[in-house]
Amino acid sequence: MKKNIFLLGACFVAMTLTISSCKKKDDGPAAMTVTPQPKPTLYERVGGTTMTADPNNTGQMIEKGRLTLRSVVDSSINVIAADGQLAKYFPVLFAELGENPKNTSGLTALSKNFTDFMCVATGSKTYLYTGLSMTETHDPARNSRMGMKANSADFDKFVGDIGTGLAKNGVTAANNKQLVDDLVALLYTTEEAIVQDK
Amino acid sequence: MDNYKFTLLYVTFMKKRTIIKICIGLFSLLLISFVVLVMHINSVTKKNTTENINQRQLSRIDFKVHVDSTEANKIKNYVASLDGVDGTHFNIPEGIFTYSYKMNKQNSKVVFEKVMQLGNYDAHIFTISAADAQAMGGCPMKINDHSFSAYLTAYVTKFLN
Ligand code: HEM
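All values reported here derive from a predicted model rather than from experimental measurement.

Draft legend 1. Up close: the overall build of chain B. Scanning chain B from terminus to terminus reveals five helices and four strands. Listed by position from the N terminus, the elements making up chain B come as α-β-α-β-β-α-β-α-α. Across the 161 residues in chain B, those meeting the buried criterion constitute 34%.

This is how it looks when you write it as structure tokens:
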């Protein structure tokens, strides 16, 4: 009996220790230093953390903000892939498209990473970007999926294509100029790292 | 003297029991920590991985002769209505049509043949050989997704989901 009580005690202590240490890391000091934000983040403006049914994955829920960004990313990938001027940068992605494509995960990975990137960049605290840094991603020497160094004209074209992707999701400069301007401004913060053919 | 010996034996016995108790305690501590770790990994990774179950692919059809916007919209709407297709774009000035789809539901060859039934267009599926890809600068053999950690992640994801 004594032994059982001892074991129970040990289990309880272990559980409390692990759970409490977990908690501390997650929302301890960070939560305390967060200052109240006067303006909603871009992530909140595109839908925020409200959960909604995921149209692409039956039975699953997704944050509205992520759903918006994922739709824009996926539309934009289609627009960019149909852009003859930008094709030269995507040799590996294009090599994966075939008459009978193999079970490659290039598009799935690109869509996920780009969406994660946009979620984090717009201020989501739920998702994590685990891809390469913008400099590494867009350096052909360090990322074999990047065909060549990007120049500034192609960067502008690329952002324009994302604009088309936004329009495909109902957001245009005509109906929501502020949102388009803010998203484009956000994209341009990466120009310095991405345009490496200067 | 005998009494002393007995006490010594008793103490040694007690020590062994204590050591066993401590061992069991430590072991359960380790076990519980591990279980909590697995639960923790599961809960923090789920959000980022569930969308990966459905592998998607992108295909491109290049039209050699000009396709006007009415015709382009017809093709686009038709492909968009096919099962598993989740995105389309027709770049009319360049005659390039792209669409993305779930690989378990569609096949680019089938879609192409269906599009050809809409009108006998001078078009072809855009493909690029590994050699061309290399000539363009990339090397498909060095895809990061083929690393050990990528395989492990894919396996664990599949298992957890
Ligand atoms: C507008 C700002 C841009 C952002 C925010 C951006 C972001 C990203 C991200 C997050 C990835 C995935 C990285 C990974 O998986 O680790 C990526 C991949 C890539 N990006 Fe960009 N990018 C931008 C502009 C450009 C431009 C202008 C080009 C070329 C003209 C370009 C070419 C590529 C290529 C070739 C890849 C690899 C695609 C593949 O997976 O095959 N990007 N980018």
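Draft legend 2. Region of interest: the coordination of the iron atom of the ligand. Looking at the protein side alone, the iron atom of the ligand has one donor only, A:His138 (NE2), at 2.0 Å. When you line up the elements, A:His138 lands in the loop between helix H7 (134–137) and helix H8 (152–168).

Draft legend 3. Geometry of helix H6 (residues 106–122) of chain A. Helix length check: H6(A) (17 residues) gives 24 Å between terminal C-alpha atoms against 24 Å at 1.5 Å per residue, within 8%. Among the residues trailing H6(A), A:Gly123 stands out with phi positive, at a value near 110 degrees.

Draft legend 4. Broad picture of the site of the ligand. Residue and element names in this part refer to chain A. Taken together, 22 residues lie around the ligand, and Tyr89, Asn113, Leu132, His138 and Arg145 are the ones closest in. Residue Asn113 places a side-chain N or O atom 2.8 Å away from an oxygen atom belonging to the ligand. In this structure, a nitrogen atom belonging to the ligand sits 2.8 Å away from a side-chain N or O atom of His138. Top element by residues in the shell around the ligand is H6. It accounts for four residues.

Draft legend 5. Structural view of the sheet that holds strand S3 (residues 96–102) of chain B. Residues and elements named next belong to chain B. The four strands lie next to each other as S2-S3-S1-S4, forming an open sheet whose pairing is antiparallel. Whereas interior strands pair on both sides, the edge strands pair on one side only; in this sheet they are strand S2 (85–91) and strand S4 (123–125). Taken pair by pair, the neighbouring strands of this sheet meet at an average axis angle of 15 degrees, ignoring direction. Pairing of S2 with S3 involves six bridges; the strand directions are antiparallel. Its bridge partner lying in S3, Val85 is registered against Tyr101. Relative to S2, helix H2 (residues 69–81) is tilted by about 165 degrees, and along the sheet it contacts strand S1 (56–63), S2 and S3.

Draft legend 6. Broad picture of helix H9 (residues 173–188) of chain A. Residue and element names in this part refer to chain A. In this model H9 runs just 17 Å from its N-terminal to its C-terminal C-alpha over 16 residues, more than 12% under the 22 Å that 1.5 Å per residue would give. The sharpest bend along H9 comes to roughly 50 degrees, located at Leu179. For H9, the full list of buried residues reads Leu179, Val180, Leu183, Leu186 and Leu187. Buried residues in H9 make contact with helix H3 (42–45), H6, H8 and helix H10 (191–194).

Draft legend 7. Seen up close, the packing of H2(B) against helix H3 (residues 108–118) of chain B. Residues and elements named next belong to chain B. At their nearest, the axes of H2 and H3 sit 11 Å apart, and the two run at 140 degrees to each other. Considering the angle they form, H2 stands oblique to H3. Here the hand of the crossing between H2 and H3 comes out right-handed. When H2 is examined against H3, the residues Lys74, Ile75, Tyr78 and Val79 are found in contact with a partner set consisting of Val111, Lys114, Val115 and Leu118. The residue inventory of the contact of H2 with H3, partitioned by class, reads six nonpolar, no polar and two charged.

Draft legend 8. Structural view of the packing of helix H4 (residues 64–81) of chain A against H6(A). Residues and elements named next belong to chain A. Here H4 crosses H6 at 130 degrees, and the two axes come no closer than 9 Å. In terms of their interaxial angle, H4 and H6 are classed as oblique. Handedness of the H4/H6 crossing: right-handed. Contacts from Arg66, Leu69, Arg70, Val73, Asp74 and Ile77 of H4 reach H6 at Leu107, Leu110, Ser111, Lys112, Phe114, Thr115, Asp116, Met118, Cys119 and Thr122. The residue inventory of the contact of H4 with H6, partitioned by class, reads eight nonpolar, three polar and five charged.

Draft legend 9. Looking closely at the nonpolar core. Membership of the largest hydrophobic core comes to 38 residues, with the highest contact counts inside it found for A:Phe90, A:Phe94 and B:Leu58. Put simply, the parts of the chain that give this core at least two residues each are H3, H4, helix H5 (91–95), H6, H8 and H9 of chain A. Examining the composition of this core, we find that six residues originate from one element, H4(A), more than from any other.

Calculation notes
Residues numbered from 1 in each chain as written. Chains lettered and ligands numbered in written order. Predicted model: local features only at pLDDT ≥ 70, side-chain atom pairs only at ≥ 80, totals over all residues. Heavy atoms only, no water. Helix = DSSP H or I, 4+ residues; strand = E, 2+ residues; numbered from the N terminus. Buried < 20%, exposed > 50% of the residue type's maximum accessible area, 1.4 Å probe, protein only. Donors = N, O, S within 2.8 Å, 3.2 Å for Na, K, Ca; no water. Expected span 1.5 Å × (residues − 1). Near = heavy atom within 4 Å. Polar contact = N/O pair within 3.5 Å; in protein donor to acceptor, adjacent residues only side chain to side chain. Pairing = 2+ DSSP bridges. Axes fitted to C-alpha atoms, helices over the stretch in contact; angles between N-to-C directions. Contact = heavy atoms within 4.5 Å. Bend = angle between axes of the 7 residues up to and from the residue. Parallel < 35°, antiparallel > 145°, perpendicular 65-115°, else oblique. Left-handed = near helix turned anticlockwise from the far one by under 90°. Nonpolar A, V, L, I, M, F, W, Y, C, P; charged D, E, K, R; others polar. Core = buried A, V, L, I, M, F, W, Y, C linked by side-chain atoms within 4.5 Å.

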